[in-house]
Amino acid sequence: MNDYTFTSYYIQNYALVADRPVNLNVDPAPDLVVEVDITNTDINKNTLYASMGVPEFWRFNGRVWRILQLVDGAYVECDRSPTFGIIEKTDLFRFLEVAFIDEVAA
């Protein structure tokens, strides 16, 4: 099991990067980064992803689940995903719990 995983997604900007390798020197940042990090790290992920312009960042540290939205260059915590606003945060958390259990079992 890895103690740190992240996945990034293009949603709003999918058409700009579909069917080809992404080049962050010319392409936009991913629309969403999902991170599971149960280790301590010296890297400030909020600053890193904000500097890239990632508009939405979901973070789970093994206990706390956060949905963060980039506002004026900094992340603010939200009760709902700006991208998937019709889905409750608790439903997203349940999905993350199941995905985490599946990864540990693999």
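Not measured: the values here are computed from a predicted model.

How each quantity is defined
- Residues numbered from 1 in each chain as written.
- Predicted model: local features only at pLDDT ≥ 70, side-chain atom pairs only at ≥ 80, totals over all residues.
- Heavy atoms only, no water.
- Salt bridge = Lys/Arg side-chain N within 4 Å of Asp/Glu carboxyl O.
- Buried < 20%, exposed > 50% of the residue type's maximum accessible area, 1.4 Å probe, protein only.
- Phe/Tyr/Trp six-rings, centres within 6.5 Å; stacked < 30°, edge-to-face > 60°.
- Helix = DSSP H or I, 4+ residues; strand = E, 2+ residues; numbered from the N terminus.
- Arc of directions from axis to C-beta.
- Polar contact = N/O pair within 3.5 Å; in protein donor to acceptor, adjacent residues only side chain to side chain.

Engineer: Account for the pattern of salt bridges, naming residues and giving values.
Structural biologist: In this structure the tally under the stated criterion is 7 salt bridges. Asp27 is paired through a salt bridge with Arg20; the nearest N and O atoms lie 2.6 Å apart. Judged by relative accessible area, Asp27 falls into the buried class, the value being 11%. A salt bridge links Glu88 to Arg80, with the shortest nitrogen-to-oxygen separation between them at 2.6 Å.

Engineer: I'd love a proper account of the packing of aromatic side chains, names of residues and values included.
Structural biologist: The full count for this structure, using the stated rule, is 4 aromatic pairs. The interplanar angle of 70° and the centroid separation of 4.7 Å between the aromatic rings of Tyr49 and Phe57 together place this pair among those described as edge-to-face. The same class applies to Tyr49 and to Phe57, which are both buried. The interplanar angle of 70° and the centroid separation of 5.6 Å between the aromatic rings of Trp58 and Trp65 together place this pair among those described as edge-to-face. Of the two residues examined, Trp58 and Trp65, each falls in the buried class. By the ring-pair criterion, three or more aromatic residues cluster together here, those being Tyr49, Phe57 and Tyr75.

Engineer: I'd love a proper account of helix 2 (residues 45–52), names of residues and values included.
Structural biologist: Every buried residue belonging to helix 2 is among Lys45, Tyr49 and Ala50, and all of these are buried. Considered in projection along helix 2, the buried side chains sweep an arc of 125° and stay on one side of the axis. N-capping of helix 2 is provided by Asn44, with a side-chain oxygen placed 3.1 Å from the backbone N of Asn46.

In short, shape yes, function no, at least from these values alone.
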